[in-house]
Amino acid sequence: MRIALTFNLRAESAGEQEQPVSADPSEPPSSPAEDLYAEWDDIHTIRAVEDALASCHEVTLVEADLEAFATLRQLRPELVFNIAEGLYGSSREAQIPAMLDMLGVPYTGSDPVTLGICLDKRRTKEILSYHRIPTARFCVVASPAQLPGRLRYPLMVKPTLEGSSKGVTDKALVHNRRELVRQTEWVLDTYRQPALVEEFLPGREFTVALIGNGAALRVLPIVELNLGTLPPGVNPIYSYEAKWIWDQEEAPLEIFSCPAPLEPLLQKQIEELCRRTFNALGCQDWCRIDVRLDAEGRPNIIELNPLPGILPRPEQNSCFPKAARAAGLSYREMILSVADAACDRLNLGQGGINERRSLL
C-alpha cells in the first residue's frame, strides 16, 4: 500500500536552535515559546515510524507545513498515517485530517471533530459529564474575576487548549486562594487562553493505551505512574517538569509500572471506563487515556490523547510504546496494528482501496 506519513518535525531536530527550557523545578516556562514545540516529534521518532511502515508498505514523508495540502493532493496516497500535531489554534491537531477529508484521502486516527474536542479540555469534560463518565468537578476561567468559589481545594489549574503537559507545571496544584489567583493569572497571561480549574483527584494515576475500533478495540496493559518517585518536595502530579525536564533519556525516572499492579475488579473498571470514553468521544484506531482515582478509589477520566506520543526507545519512557511492549508488541508491530485498524475501519483491504478511489 502507498502510505504517506504526515508529521511535524521539532525545530532542534531540523538543525535549528530551539529556546531552552528552564531546568529549575521551581520555575515554570516563562512564555509559550519555551514549550511551543513540545508536542512535535524529533527525527528519531519520525524515522522509527517510517521504518515500521516501510516494512510492509511504500512510504512517503510529508511534513505538515503550508505546502502539505498541495503535496498530498499530488501524491494521492492510499492511506495517510497521521502523527502531525499542528502548531497554532484550537484546531491545530485537526488541520491535516480536515485537509485529507477535503481531498477524499483516508487516514489513521480520529477525525477533525474528535481531535478538536479532545484538545479542548473543557469540551471533553462536558461530553464526559453528559455521558455520566466520571471526571473531576471543574470550571473554566477566562479572567481572574471568574475564579470559582465552590470547588474544593486542592485544585489543578491548566491551560484549556494544550497537550503534552504544556502549562501543567509543578505549581499547577494549588492549595489556597492566593495560589489559585497566581497560577490562573500565569496561565491566562502566558498562553492567552482560558484556564481549566478542577478539583484534584488524590488517588493513584494511570494511563491506558487502546488500539482498534468497535468490537476489536483492544486495551493494552495499563501503565501506572508512581508519583512517589518524583524529586523530594514536588507535588504528586505528572507535570511538565516531570515529563520533559526531570525525566531524561540518560537518567530516566523510575516512575512507571507496566502492567500496573491492580486488583482484578479495579483493572476491569478502568478498562471498561476507557472503552466507554473512547467511544463517547468518537475516537478511532488508537488513543491514550489518562485516569486517576478519587478519594474513594473510583477511577475518573483526566483527559484523552487521540494523537499519543510514541517515542521509540524504551529509555525515553513513552507510555503508549511501553504498554505495547508489555502486550508483546514490538514498535513495528504497534505502528502496523494502528494502520491495520484504520484499514479495517475504512474497508481498505480486499478491493476497498479501489472502491474508494472510484468514488473520488
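Residues numbered from 1 in each chain as written. Predicted model: local features only at pLDDT ≥ 70, side-chain atom pairs only at ≥ 80, totals over all residues. Heavy atoms only, no water.

Draft legend 1. How the structure looks around the environment of P112. Mapping P112 onto the fold places it in helix α4 (residues 112-119). For P112, a relative accessible area of 18% puts it in the buried group. As a C-alpha pair, P112 and M99 span 13 residues in sequence and 9.4 Å in three-dimensional space. Beyond its immediate stretch of four places on either side in the chain, P112 contacts A94, P97, A98, D101 and Y107. (Helix = DSSP H or I, 4+ residues; strand = E, 2+ residues; numbered from the N terminus. Buried < 20%, exposed > 50% of the residue type's maximum accessible area, 1.4 Å probe, protein only. Contact = heavy atoms within 4.5 Å.)

Draft legend 2. How the structure looks around the sheet that holds strand β1 (residues 2-7). One open sheet accounts for 3 strands, arranged β2-β1-β3; its pairing is parallel. Each edge of the sheet is formed by a strand with only one pairing partner; in this case those strands are β2 (58-63) and β3 (79-82). The sheet shows a mean angle of 25 degrees between the axes of neighbouring strands, direction not considered. Two strands pair when backbone bridges link them, and β1 and β2 are joined in this way by 6 bridges, in the parallel orientation. (Pairing = 2+ DSSP bridges. Axes fitted to C-alpha atoms, helices over the stretch in contact; angles between N-to-C directions.)

Draft legend 3. Broad picture of the environment of K125. With respect to the helices, strands and loops of the structure, K125 is situated in helix α5 (residues 121-130). Apart from the residues lying within four places of it in its own chain, the contact partners of K125 are T135, A136, F138, L196 and E198.

Draft legend 4. Just the packing of aromatic side chains, in detail. Per the stated rule, a full pass over the model turns up 4 aromatic pairs. Their ring planes at 80 degrees and their centres at 5.5 Å tell us that W286 and F320 sit as a pair that is edge-to-face. Of this pair, W286 sits in strand β12 (residues 285-293) while F320 sits in helix α9 (residues 319-326); the two residues are 34 residues apart in sequence, bridging distant segments of the chain. As far as the burial class goes, W286 and F320 line up, both buried. Each member of the aromatic cluster is reached from another via a ring pair, and the members are F81, W286 and F320. (Phe/Tyr/Trp six-rings, centres within 6.5 Å; stacked < 30°, edge-to-face > 60°.)

Draft legend 5. Spotlight on the sheet that holds strand β7 (residues 195-199). Taking strand neighbours across the sheet as the criterion, the 4 strands line up as β4-β7-β5-β6 in an open arrangement whose pairing is antiparallel. Of all strands in the sheet, those with a lone pairing partner are β4 (138-141) and β6 (173-174), marking the two edges. Judged from the 5 bridges that link them, strand β5 (residues 155-159) and β7 form a sheet pairing that is antiparallel. The residue of β7 that forms the bridge with M156 is E198.

Draft legend 6. Structural context of the packing of helix α1 (residues 43-54) against helix α10 (residues 331-346). Two numbers describe how α1 lies on α10: the axes approach to 8 Å, and their chain directions differ by 70 degrees. With respect to α10, the axis of α1 lies roughly perpendicular. Two secondary-structure elements touch here, α1 through T45, A48, V49, A52 and L53 and α10 through Y331, R332, I335, L336 and A339. Residues that form the contact of α1 with α10 fall into these classes: 8 nonpolar, 1 polar and 1 charged. (Parallel < 35°, antiparallel > 145°, perpendicular 65-115°, else oblique. Nonpolar A, V, L, I, M, F, W, Y, C, P; charged D, E, K, R; others polar.)

Draft legend 7. Highlighting the environment of Y153. Looking at the secondary structure, you find Y153 in the loop between β4 and β5. On the basis of relative accessible area, Y153 is assigned to the partly exposed category, the value being 34%. Taking the C-alpha atoms as reference points, Y153 and V174, separated by 21 residues in sequence, lie 7.3 Å from one another. Ignoring sequence-local partners within four residues, the contact set of Y153 consists of V174, H175, N176, R177 and L180.

Draft legend 8. Layout of the pattern of salt bridges. A full pass over the atoms with the stated rule returns 14 salt bridges. Among the ionic pairs, R47 bridges to E50, the shortest N-O distance being 2.8 Å. Placement of both R47 and E50 in helix α1 is noted, with a separation of 3 residues, approximately one turn of the helix. The exposure class of R47 is partly exposed, given its relative accessible area of 39%. Across the pair D120 and R122 runs a salt bridge whose closest N-O atoms are separated by 3.8 Å. Overall, the relative accessible area of 10% leaves D120 in the buried class. (Salt bridge = Lys/Arg side-chain N within 4 Å of Asp/Glu carboxyl O.)

Draft legend 9. Representation of the side chain of T108 in the model. Tracing the backbone shows T108 in the loop between α3 (95-103) and α4. A polar contact is formed between the side chain of T108 and the backbone nitrogen of N82, at a distance of 3.1 Å. Not counting the four nearest positions on each side in its chain, T108 is found in contact with L79, V80, F81, N82, D285, V338, A339, A342 and R345. (Polar contact = N/O pair within 3.5 Å; in protein donor to acceptor, adjacent residues only side chain to side chain.)

Draft legend 10. Structural detail: the confidence of the model for the protein. Summing up the model confidence of the protein, the mean pLDDT is 87 and the portion of residues at 70 or higher is 88%. Low pLDDT (under 50) marks residues 13-31, which in the prediction has 33 contacts with non-local residues, meaning those over four places away or in another chain. Contacts from residues 350-360, a stretch scored under 50 in pLDDT, to residues over four places away or in other chains number 15 contacts. (pLDDT = per-residue confidence, 0-100.)

Draft legend 11. Quick look at the packing of helix α2 (residues 68-75) against α3. Remark: α2 packs on α3, axes separated minimally by 10 Å, with the N-to-C direction vectors making an angle of 40 degrees. Taken together, the axis directions place α2 and α3 in an arrangement best described as oblique. Considering only the axes of α2 and α3, their crossing is right-handed. Between α2 and α3, the contacting residues are A68, F69, L72 and R73 on the first element and I96, M99, L100, M102 and L103 on the second. (Left-handed = near helix turned anticlockwise from the far one by under 90°.)

Draft legend 12. Structural view of the pairing of β1. Taken across its 6 residues, β1 has 5 buried, putting it largely inside the fold. The pairing of β1 with β3 spans 4 bridges and is classified as parallel. Counted as the bridge partner of L5 is F81 from β3.

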